[in-house]
Amino acid sequence: MTETMSRLLDMLGTPEPDQVQAVEQKANEALKKKYTSTGSYIQMFPLVDDDKIHIMDIYTKLCLDELVDTRGKIQHNKINLYEEIFFFKTREGYPIKRIIVSGSAGIGKTTLIDKIAYDWAIGNSETLNKFKLVFAFKMHSLKKSSNLTEAIFKMLLDKDTLDQSALKEFVDKNQDKVLILLDGFDEFKFYPLDTSSFGSILNILNRKLGTECWVVITSRPPLDKLVNSSLVEKPYAHVRVEGFSDTDKEEYVNKFFPDAHVKASKLTEQIKQSDTLSDLAKSPMLLLLMCLLMGSTKNTLPDTMTRLYNKALNYIFKRKTRDIKDAAISKILISIGKVALGSLLSKDQSFAFREGDFEKSVLDKALNAGVLTGERVIDGVETYQRVTFIHHTFLEYCAVMYWQSLINTEEFDRILDQIELTASSSVSRYDYLLRFCCGDNVACTNHILQRVHQGRNLELVVICYFESQSQELPPANVISSILTDRLILHSWNNDSTNAFFHFLNQVAAISRGNDYLTKAKCLVVSYLNFPRFGEDLVKSIKLMTNLQTLSLPSSSLTADNTNQILSSLASPSTLTELKLSDSIALGGSVSLLAPQLMKLTRLKYLCLDGCSLKAQDVSPIAKSMGDTLVNLDVSWNRALGGCASIWVPELGKMECLQDIDLQGCSVQGTDIEPIAVALSGVSTLVELDLSWNQDLGGCAKMWAQHLKGMRHLEEVKLRGCKLINKDVEPIAVALSGVSTLAHLNLRGNNALGGCASLWAQHLKKMNHLKRLTLMNCNLTGGDMEPIAESVSDMPNLNHLDLSRNDPLIGCASFWAPHLKLMTKHLKRWNNDSTNAFFHFLNQVAAISGGNDYFTKANSLDVSCFNFQRFGEDLAKSIKLMTNLQSLSLKDSSLTAATTNQILSSLASPSTLTKLHLSSNKALGGSVSSLVSQLMKLKCLKKLHLPDCSLEAQDVSPIAESMGDTLVHLSILLNRALGGYASIWGPELGKMECLQGIYLGYCSLQGTDIEPIAVALSGVSTLVKLDLSWNPGLGGCAKMWAQHLKGMRHLEEVKLCRCKLGDKDIEPIAVALSGVQTLAHLILMDNDALGGCASLWAQHLKKMNHLKRLRLIDCNLTGGDIEPIAESVSDMPNLIYLDLSDNDQLDGCASFWAPHLKLMIRHLTSLMMGYFTDEDKQHINASIGLNSPILTWG
């Protein structure tokens, strides 16, 4: 027992045991009574003292994270119930009894403390029942010298009813049964710590007293004044309050409006429909503000985001300082906004500030209000306070406050110029800045719209105009640039869509409004919220009297909705294309559309893919427009499979049909006969798409024969049909009789790989074929010979696609010799044709004025060229092409001498900007011979030298001859460069204008990256680096990745098919986390990442500036999605994630789909593969198939 405690007991006397027990019981009862009476009410609106509500009427579960510091790296563990904080243990198994709960202003820390006290009082938690006494204090009411007993009787209990010494005795002897809740350490006023003046509360906190007492303390960041040797030392638990989930938000709103369900539903819907509102509503304080505004006399949130943020900031300041004036708030915001704007416009865009960046008095007020937060940072030997805004959009709003204050000054225009210049590559970077600047400010709006409309960013213009709430129209040139003949709203959120229709309504309201809208020939609105915007859409379409294309994909339209839209079209209708994709409610009700469809007498193309069509839906389509429709797309309507005999006969009535798309319709082998019989009578039909009907695989002998009756076909697509070797013969036999057939597409039939000897010989039966696609068929080196032999006997074949057959990689020595035979007819003019062409050119040149024709030429592609025979003719012609900008001589067996001959024929000064010399292997080792000619190409920006057998010594002459002009350099497929970058890498540093370099397939090793990175780190223009298809980089990123961090200007890095493993991601992420400009990382085709994301995904969030991430074809499994989702949710700038072509995800969405909710926190686009109907049901349950961010790849 300490000396202080002994003195206290001597003064009070030693109580008897029975007395102690009795006091505990009385205190327990008194505390519970307090926490269930006055203590159970929380203040809703700080400006009104009596505006309180019972905690159980409003309390909503909060999202909590445990933050575990493991050697400087913070690991996040999600906490499902707050009671879990009382189960943390040390490594040795001892309970951790000092718990810090942190979070930003208004995030719910105080309410959490109140809920803990209330739950204990009513016995609502088994975990809390172990505590006999719970003391909850507001720290702003405490002093540094406050003692526990004094505070208890001052703030919680009546000192006249209890024996203080007996209570002290109980606490001292039953510490493990005592819980102390300290709320608001950041509001606790004290100066540099002097532990000698500490009262018992702080001494319990720092464990000098009451070591076994449980203490939970809340604070806003920074925590440096709390976590130190004087107060809280390890071991302690750190829990961060993250606010509300989407479900929690809805629950909170419903509790706020218990008797106003319509109002609650309206607010919830508004929040869901706005990405920004949804993000802000995570904070209980800001969600409360929205509820208060909704509950006001206007019964709605402010019309614009500007007004919402204005009210939010007003609330934040007056929450802590009630008498602060609006002018004072404005002054503070303008001051901190100046710092914010400087950061937004800087090159590195760092949004973490230091105290010295702000005026001291302003900083203190902003920190006190909570619009700024701070935290202690230890950087080596330096310790400082890092200051950040509570949300990035608040930073942007404050920046605008300063910017608006400069209106009608040169500085305002200079800032706008800087934004416009930077925004040319990524306008979205400044969307909110421009949006806020237009808010309720017509002068700023006019300045901004005159600039922004020139970039044709339709969405930004209408949002800015909406924010202004101007009663005046923008200038005519702004309107004309927006309301062109093509209006495309692709995946716009509801805020943007609302702004668009506001813009249209304003324009239409004036006398000349109709003149603008009659220009519209094409209108595309995807993911339209028809219940909200249907009336606006119909009203606008009525004014578009010349509309030819109307596309409303993924808009969940019903038959009634669709009829409303179609009835608004001009009469007679000018519509030629109608696309209603993914409106599943149309299934079974197309007959209701027939009267309107019949009026579309000019309609040529109808798309109803993914609309859950049924057999009875086809007949009304055929009957209502059988004499006009040219292209019918009913793909991905699976209910059509297996019952074609019912619906197909109607197709025979469509006498103008040229193209029918039946892909993904679950078509069975038995369906083909009725399809073919019906369509064989349609003489106009030239294209048939049966792709992705996997039940056709393995049974072509049953159905293929019926195709021969469709004698007018020019293209047949059988992609992804799971065809096997036995299927090719009956297909080839049947189509051999269709002499018009020019293109057969067999892409994605993997079972054809490795067995071409069994099926390839049948290809030549289709000797009239001009194009054959065998892409992504898993073809192997052994397949090339039989394919080549068959193809060589197909005299009309001029295009063969063998791309994305991965087994061909690395074994070309085995199969490449067969290419000679294969290319007999492919992509090549024979000598007779080439001779005739140059004869024609010579004749044109011989007549007077002939040169006028040649000067028009700006691009020339003569790939696979016979230079020995026609080189002189080529050089002669090029001399006449004095405005030539692009020259391609791929695969023409050029030598250095012949290349010089061609380059010397170019005009002087040269106008050439692009030179493509790929697959000219004789250039390897002799590029130095080209220097004199290359140096003359002063306008050259792009040089392509893939597959030219380049050697280390070839890079230097390229860099020296055009280092001051070249923007893009492609030297991929030059394997001799691998392992020797120490020789040629340093030369790259001389290319001072280089923006993109492509080093794929160069057999690079881990040791090559350092010299490449060191050299290119000095090239400030470089934004793209492609290291793909270098498998030697896999498994050793720890060796080379660190060098990437020096390339600080990169915007895109490609590491496709590099055989990266789980251990490679961390060093890559750590290195690229320092490259703040990096927006796009492509990790496609790294199969080893599949099945182990739990080992690497957490490192992705280190690159929190990343905007686009591609994990295509990485063999990801269902178990990988959760760790990826958790990491992605902590990447606030990530807007695009591509997870397509990960086949292991098929058929198990019930396992991984729930994690998509977390994944899409910031995303505006999530690319997924094609999934089964069952998978889609689980995806729909998680985020909705109509989610505007979801794209099927």
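Model, not experiment: these values are computed from the prediction.

It is worth spelling out the sheet that holds strand E17 (residues 605–607) at this point. The strand order across the open sheet formed by 12 strands is E13-E14-E15-E16-E17-E18-E19-E20-E21-E22-E23-E24, and the pairing between neighbours is parallel. The open sheet terminates on both sides in strands that have one partner only, identified here as strand E13 (486–489) and strand E24 (799–801). Along the sheet, successive strands turn relative to each other by an average axial angle of 0°, direction set aside. Across 3 bridges, the pairing between strand E23 (residues 771–773) and E24 is parallel. By the bridge assignment, Arg771 is partnered in E24 with His799.

Applying the stated rule across the entire model yields 29 salt bridges. Between Asp65 and Lys78 there is a salt bridge whose closest N-O contact spans 3.7 Å. With Asp65 in strand E3 (residues 63–70) and Lys78 in strand E4 (residues 73–79), the pair connects residues that are 13 residues apart, well separated along the chain. In this structure Lys78 comes out as partly exposed when scored by relative accessible area, which is 45%. Asp326 serves as the salt-bridge partner of Lys318, at 3.1 Å between the closest nitrogen and oxygen. With relative accessibility at 16%, the residue Lys318 sits in the buried group. Residue Asp326 is classed as partly exposed on the basis of its relative accessible area, which comes to 48%. Several salt bridges share partner residues, and in doing so they unite Lys97, Asp176 and Glu212 into one network.

With respect to the element layout, Cys721 can be found in the loop between strand E21 (715–717) and helix H29 (725–736). With relative accessibility at 0%, the residue Cys721 sits in the buried group. Residues Cys721 and Gly698 lie 23 residues apart in sequence; the distance between their C-alpha atoms is 9.2 Å. With residues near it in sequence (within four places) discarded, Cys721 still touches Leu690, Ser691, Trp692, Asn693, Gln694, Leu696, Gly697 and Asn749.

Okay, the packing of helix H16 (residues 431–438) against helix H17 (residues 442–452) next. In the contact formed by H16 and H17, the axes pass within 8 Å of each other and the chain directions differ by 140°. Residues Leu434, Cys437 and Cys438 of H16 touch H17, and the partners they reach there are Cys444, Thr445, Ile448 and Val452. Taken together, the residues of the contact of H16 with H17 sort by class into 6 nonpolar, 1 polar and no charged.

What follows covers the nonpolar core. Core analysis: the largest hydrophobic core is formed by 275 residues, its most contacted members being Trp403, Trp703 and Trp759. For Trp703, the residues in contact, after removing those within four places along its chain, are Gly669, Ile672, Leu696, Leu718, Leu723 and Ile731.

Within the protein, residue pLDDT values average 86, and 91% of them lie at 70 or more. For residues 1–12, every residue scores under 50 in pLDDT, and the model assigns this stretch 12 contacts once sequence neighbours within four places are set aside.

At their nearest, the axes of helix H7 (residues 246–256) and helix H10 (residues 284–294) sit 11 Å apart, and the two run at 45° to each other. For the element pair H7 / H10, the angle class is oblique. As for how H7 packs across H10, the hand of that crossing is right-handed. Touching Lys249, Tyr252, Val253 and Phe256 of H7 are Pro284, Leu287, Leu288, Cys291 and Leu292, all from H10. Across the contact of H7 with H10, the residue classes break down as 8 nonpolar, no polar and 1 charged.

Turning our eyes to something else, we now look at the pairing of strand E14 (residues 522–525). Burial along E14 is two-sided: the face carrying Cys522 and Val524 and the face carrying Leu523 and Val525 are both buried. Where E14 meets strand E15 (residues 549–551), 3 bridges bridge the pair, whose relative direction is parallel. Bridged to Leu523 within E15 is Leu550. As for the winding sense of the linkage, the β-α-β connection from E14 through helix H22 (residues 530–543) to E15 is right-handed.

Spacing of three or four residues puts side chains on the same side of an α-helix, whose turn is 3.6 residues. Within H17 the residues assigned to the buried category are Cys444, Thr445, Ile448, Leu449 and Val452. All buried residues of H17 project into a common sector of 120° when viewed along the axis, lining one side.

Going through the model one piece at a time under the given rule, you end up with 18 aromatic pairs. For the ring pair Tyr397 and Phe436, a centre distance of 5.3 Å and an interplane angle of 80° mean the geometry is edge-to-face. Of this pair, Tyr397 sits in helix H14 (residues 392–404) while Phe436 sits in helix H16, placing them 39 residues apart in sequence. Exposure remark for Phe436: the relative accessible area of 1% places this residue in the buried category.

It is worth spelling out unusual backbone geometry at this point. A cis geometry characterises the amide bond from Lys234 onward to Pro235, with omega recorded as 5°. By secondary structure assignment, the location of Pro235 is in the loop between strand E8 (214–219) and strand E9 (237–243). The omega torsion across Ser908 and Pro909 is 0°, close enough to zero to call that bond cis. Note that Pro909 resides in the loop between helix H37 (896–904) and strand E27 (914–916). For Arg207, which is not glycine, the phi dihedral falls at a positive 75°. For Arg207, the location among the structural elements is in the loop between helix H6 (200–205) and E8. At Asp440, a residue that is not glycine, the phi angle is positive and equals roughly 50°. In this structure, Asp440 sits in the loop between H16 and H17.

Once that is clear, we can look at helix H5 (residues 164–173). In terms of residue burial, H5 counts as a mostly covered element, since 7 of its 10 residues are buried. Listed in full, the buried residues belonging to H5 are Ser165, Ala166, Leu167, Lys168, Glu169, Phe170 and Val171.

Reading guide: rules and limits
Residues numbered from 1 in each chain as written. Predicted model: local features only at pLDDT ≥ 70, side-chain atom pairs only at ≥ 80, totals over all residues. Heavy atoms only, no water. Pairing = 2+ DSSP bridges. Helix = DSSP H or I, 4+ residues; strand = E, 2+ residues; numbered from the N terminus. Axes fitted to C-alpha atoms, helices over the stretch in contact; angles between N-to-C directions. Salt bridge = Lys/Arg side-chain N within 4 Å of Asp/Glu carboxyl O. Buried < 20%, exposed > 50% of the residue type's maximum accessible area, 1.4 Å probe, protein only. Contact = heavy atoms within 4.5 Å. Nonpolar A, V, L, I, M, F, W, Y, C, P; charged D, E, K, R; others polar. Core = buried A, V, L, I, M, F, W, Y, C linked by side-chain atoms within 4.5 Å. pLDDT = per-residue confidence, 0-100. Parallel < 35°, antiparallel > 145°, perpendicular 65-115°, else oblique. Left-handed = near helix turned anticlockwise from the far one by under 90°. Right-handed = clockwise from strand over helix to strand, strands pointing away. Arc of directions from axis to C-beta. Phe/Tyr/Trp six-rings, centres within 6.5 Å; stacked < 30°, edge-to-face > 60°.

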